Amino acid sequence: MTSRNGVRQEIAILADDLTSAGDGAAPFRQAGHDARILLTTPASVPRPAVGVSAVDLGSRVLDEEAAASRTRRAARLFADSELLFKTVDSTLRGHVAAEVRAAWAGSRRRAVVIAPAFPAEGRVTVEGVQYVRGVPVHESDYARDPVHPVRCSDLAMLFPEAVLVQPDRAAELPDLIENGDLIVCSAAEDGDLDRLVAAVPRLDDVLWVGSPGLAAALARGCARATGSTASLPTPARRPLIVVGSTNPATRRQLATLHTRADVQGITVSADPAPAVEALRGLTAPILTLRTPDERHTAQTAQVLARSQATVVKALSEDHTVDALVITGGETATTVLQPLGATGIDLLDEPEPGVVRGSLTGPLPLPVLIKAGGFGDDALLLRLCHLIRQRPDPGEHT
C-alpha cells in the first residue's frame with residue numbers, strides 16, 4: 001500500500017471479534033487496498049502481504065487475563081507493520097483497557113491514540129465520555145447485554161493515566177506522542193477524526209485504537225490513487241440468514257424480513273438435527289436460522305452458536321444454500337470455522353457495520369457479516385437483495 005508520504009507500508013488490524021475485524025478493514029478496502037480477515041492469529045506474518053491483514057483474536061469471549069495475553073502476542077507479531085490498529089467496540093464492550101495496554105506493550109509503539117467515536121452510527125466521545133445517540137453507553141441497551149454488559153462510559157476511568165484531548169486541540173498531539181503518552185481523543189463528527197489523523201506526523205509512531213470511525217479516517221489519510229478491483233460474486237440462488245445476535249435492532253430486522261412471502265425460517269435449539277431437517281424441507285428462496293429471541297447466558301449462547309454451526313455446515317456442504325448472511329461477530333466465527341474457512345477476502349462495505357467478501361477455504365461461499373447493533377429495520381431486506389442481485393456490469397470489474 002502507499003501512505004500519504006508515498007512510502008509503501010502494510011496495515012495490521014487486531015480485533016476482539018470478527019465483526020470488529022471486518023469493520024476495521026473495510027474502510028481500507030474502500031480506499032483501494034486489498035484486505036483479508038484472518039479467522040485466527042497466524043503463526044507468522046502472512047507473506048506475501050495482502051495489504052491489510054485484520055486478525056480476529058476472538059478475545060472478547062475470553063477472560064481478561066487470557067484476552068490480554070492473546071492481544072499482546074498478536075501485537076508483538078505485527079509490531080513491524082507501518083500502521084497498527086487495535087479495534088475497540090464503539091460502545092466499549094469487551095476487555096477494552098486490558099487489551100489496549102497489552103497491545104501497547106507488544107507493539108513497542110511510542111504512544112497510544114484512542115478515539116472510539118463512530119459518528120455515522122451516533123456513537124461519539126465528549127470530554128472522554130462515550131455516548132450512543134445521546135445516552136452514555138453504560139445507561140444504554142448495551143448495559144443490558146447478557147454476555148458483555150457495559151459498566152463504564154468514562155474513558156478517563158478506564159485509563160486513569162490518559163491525557164484527554166478535545167477536538168480543537170489536535171495540534172497538541174505531536175508533543176504528546178513524543179512524550180510517550182496514552183492519549184484519549186474526543187470526537188463528535190468525522191471531521192474531528194480526520195484532523196486527529198492529519199495532526200500525527202508519523203503513523204508508525206502510534207498504536208491506533210478505535211472503532212470504524214477512526215479506521216475510516218486513517219484509510220482516508222492513506223488512500224491509494226488507483227485501487228485494486230475484484231469481481232462481484234455470482235448472485236446467490238438461496239442465501240441463509242444466520243442470526244445469533246439478540247440485539248433488539250437485529251431482531252427487528254429479522255421480523256421485517258419475515259414479512260416477505262419468500263422468506264422461511266427456523267429457530268435453532270441445542271440439538272441441531274431438527275433444524276437441518278426442517279430447513280431442507282422448506283421451499284422459500286431465502287432461509288433464516290435464528291436463536292431464540294430471549295437473551296442468553298454466555299454458556300447458552302455458545303451452545304446455540306455451535307448448534308447453528310452444525311446446521312450451516314450441513315446445508316452448505318449439500319448445497320441447500322449457497323451464500324451466508326450472518327449477524328454477530330461471535331456467531332460468525334463459530335459458524336465459519338467448521339466450514340474449513342481460514343479467512344475472508346473482503347470485497348467492500350455496502351453499509352456501515354456490514355462487510356461483504358468470500359470465504360478462503362474449501363467452500364468459497366459469498367458472505368455478508370453484520371454487527372449486531374447496526375442498521376435500520378430494513379437492513380436484512382437490503383442485504384438479501386444485495387447478495388441475490390446480478391452485478392452492474394460496470395461495477396467491480
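Residues numbered from 1 in each chain as written. Predicted model: local features only at pLDDT ≥ 70, side-chain atom pairs only at ≥ 80, totals over all residues. Heavy atoms only, no water.

We now examine the overall build of the protein. Tallying secondary structure elements over the protein gives twelve helices and 18 strands in all. Computed over its C-alpha atoms, the radius of gyration of the protein comes to 20 Å, within 12% of the 21 Å expected for a compact globule of 397 residues. Overall, the C-alpha framework of the protein stretches about 65 × 45 × 35 Å when taken along its three principal axes. For the protein, the share of sequence-separated contacts (at least 6 apart) that also reach a separation of at least 24 residues comes to 69%. Total accessible area computed for the protein in this model is approximately 15700 Å², and 50% of it derives from carbon and sulfur atoms. Looking at charge distribution, the protein has the averaged site of its 40 positive side-chain charges lying 4 Å from that of its 48 negative ones. (Helix = DSSP H or I, 4+ residues; strand = E, 2+ residues; numbered from the N terminus. Rg over C-alpha atoms; globule rule 2.2 N^0.38 Å. Contact = heavy atoms within 4.5 Å. Areas by Shrake-Rupley, 256 points an atom, 1.4 Å probe, with all protein chains shown as cover. Lys, Arg positive; Asp, Glu negative; His and termini not counted. Charge placed at Lys NZ, Arg CZ, Asp CG, Glu CD.)

Let us now look at the sheet that holds strand β6 (residues 123-126). Sheets are built from strands that pair by backbone hydrogen bonding, the pairs being arranged parallel or antiparallel. Judged by pairing direction, the sheet is antiparallel, and its three strands sit side by side in the order β6-β7-β8 without closing on themselves. Two strands bound the open sheet, and with one partner strand each, they are β6 and β8 (135-136). Direction of pairing for β6 relative to strand β7 (residues 129-132): antiparallel, over a ladder of four bridges. Bridge pairing in β7 places Thr 125 opposite Gln 130. (Pairing = 2+ DSSP bridges.)

Further remarks concern the pattern of salt bridges. Here the structure, examined in full by the defined rule, presents 27 salt bridges. Its salt-bridge partner being Arg 36, residue Asp 345 comes within 2.5 Å of it at the nearest N-O pair. You can see Asp 345 sitting in strand β16 (residues 343-351) and its partner Arg 36 sitting in strand β2 (residues 35-38), a full 309 residues away along the chain. Look at Asp 345 and you get partly exposed, because its relative accessible area is 26%. Shared partners join several salt bridges into a network, and the residues in it are Asp 16, Asp 17, Arg 60, Asp 89, Arg 93 and Asp 145. (Salt bridge = Lys/Arg side-chain N within 4 Å of Asp/Glu carboxyl O. Buried < 20%, exposed > 50% of the residue type's maximum accessible area, 1.4 Å probe, protein only.)

Parts of the model with low pLDDT should not have their predicted coordinates read in detail. Confidence along the protein averages 91 in pLDDT terms, with 93% of residues attaining 70 or more. Long-range and interchain partners of residues 1-9, a stretch whose pLDDT sits below 50, account for 26 contacts in this model, where long-range means more than four residues apart. (pLDDT = per-residue confidence, 0-100.)

Below, the discussion takes up helix α7 (residues 212-221). With eight of ten residues buried, α7 is to be regarded as a mostly interior element. When we look at burial in α7, the residues that qualify are Pro 212, Gly 213, Leu 214, Ala 215, Ala 216, Ala 217, Leu 218 and Ala 219. Residues of α7 that are buried make contact with α1 (18-30), β4 (83-87), β5 (111-115), α6 (190-198) and β11 (206-210).

The next subject is the layout of surface pockets. Each pocket or cavity is described by its volume, and for the second largest pocket that value is around 310 Å³. Counting residues per element, the lining of the second largest pocket draws most heavily on helix α8 (residues 248-257), which supplies three residues. A per-class count over the lining of the second largest pocket returns five nonpolar, four polar and six charged. (1 Å grid on protein atoms, 1.4 Å probe; cavity = no way out; pocket = protein on both sides within 12 Å on 5 of 7 lines; lining within 4 Å. Points joined across faces, edges and corners; volume = space filled by probe spheres on them. Nonpolar A, V, L, I, M, F, W, Y, C, P; charged D, E, K, R; others polar.)

This part covers the environment of Asp 271. Relative to the assigned elements, Asp 271 resides in the loop between β13 (263-267) and α9 (273-281). Expressed as a C-alpha distance, the spacing of Asp 271 and Leu 304, which sit 33 residues apart in the sequence, is 8.5 Å. A polar contact of 3.1 Å, which involves the side chain of Asp 271, links it to the backbone nitrogen of Ala 273. (Polar contact = N/O pair within 3.5 Å; in protein donor to acceptor, adjacent residues only side chain to side chain.)

Turning our eyes to something else, we now look at the packing of aromatic side chains. If you walk through the whole model with that rule in mind, you get one aromatic pair. Here the aromatic rings of Phe 118 and Phe 374 are separated by 5.6 Å at their centres, their planes lie at 70°, and the arrangement is edge-to-face. Placement of Phe 118 in the loop between β5 and β6 and of Phe 374 in the loop between β18 (366-370) and α12 (379-388) is noted, with a sequence separation of 256 residues between them. There is no split in this pair, since Phe 118 and Phe 374 are both buried. (Phe/Tyr/Trp six-rings, centres within 6.5 Å; stacked < 30°, edge-to-face > 60°.)

Moving on, we get to the packing of α8 against α12. Two packed helices can be described by the angle between their axes and the distance between those axes. For the pair α8 and α12, interaxial distance at closest approach is 7 Å and the crossing angle is 60°. Taken together, the axis directions place α8 and α12 in an arrangement best described as oblique. Seen from α8, the contacting residues are Gln 253, Leu 254, Thr 256 and Leu 257; seen from α12, they are Leu 379, Leu 380, Leu 381 and Cys 384. Here the contact of α8 with α12 is built from residues that sort into six nonpolar, two polar and no charged. (Axes fitted to C-alpha atoms, helices over the stretch in contact; angles between N-to-C directions. Parallel < 35°, antiparallel > 145°, perpendicular 65-115°, else oblique.)

For the rest of this paragraph, the subject is empty space enclosed by the protein. Rolled over the atoms, a probe with the dimensions of a water molecule shows which regions are left empty. Tallied over the full model, the rule gives three cavities of 30 Å³ or more. The volume enclosed by the largest cavity comes to roughly 70 Å³. Taken together, Val 165, Gln 166, Pro 167, Ala 170, Leu 173, Cys 185, Ser 186, Ala 187, Asp 192, Leu 193 and Leu 196 form the lining of the largest cavity. When residues in the lining of the largest cavity are grouped by element, the largest group, three residues, is from α6. Grouping the constituent residues of the lining of the largest cavity by class yields eight nonpolar, two polar and one charged.

Further remarks concern the pairing of strand β17 (residues 354-360). Of all seven residues that make up β17, six are buried, and the element is covered over most of its length. Between the antiparallel neighbours β16 and β17 lie two residues, among them Gly 353 with a positive phi of about 80°. Pairing of β17 with β18 involves five bridges; the strand directions are antiparallel. Pairing of Arg 356 across the sheet is with Leu 368, part of β18. Counting the residues in the hairpin turn of β17 and β18 gives five residues, including Gly 361, whose phi is positive at 145°.

Phe 28, Trp 208 and Leu 336 are the most contacted members of the largest nonpolar core, which totals 73 residues. The element best represented in this core is helix α10 (residues 298-317), accounting for six residues. Residues within four places of Phe 28 in sequence aside, it is in contact with Ile 11, Ile 13, His 33, Val 52, Leu 83, Ala 215, Leu 218, Ala 219 and Cys 222. (Core = buried A, V, L, I, M, F, W, Y, C linked by side-chain atoms within 4.5 Å.)

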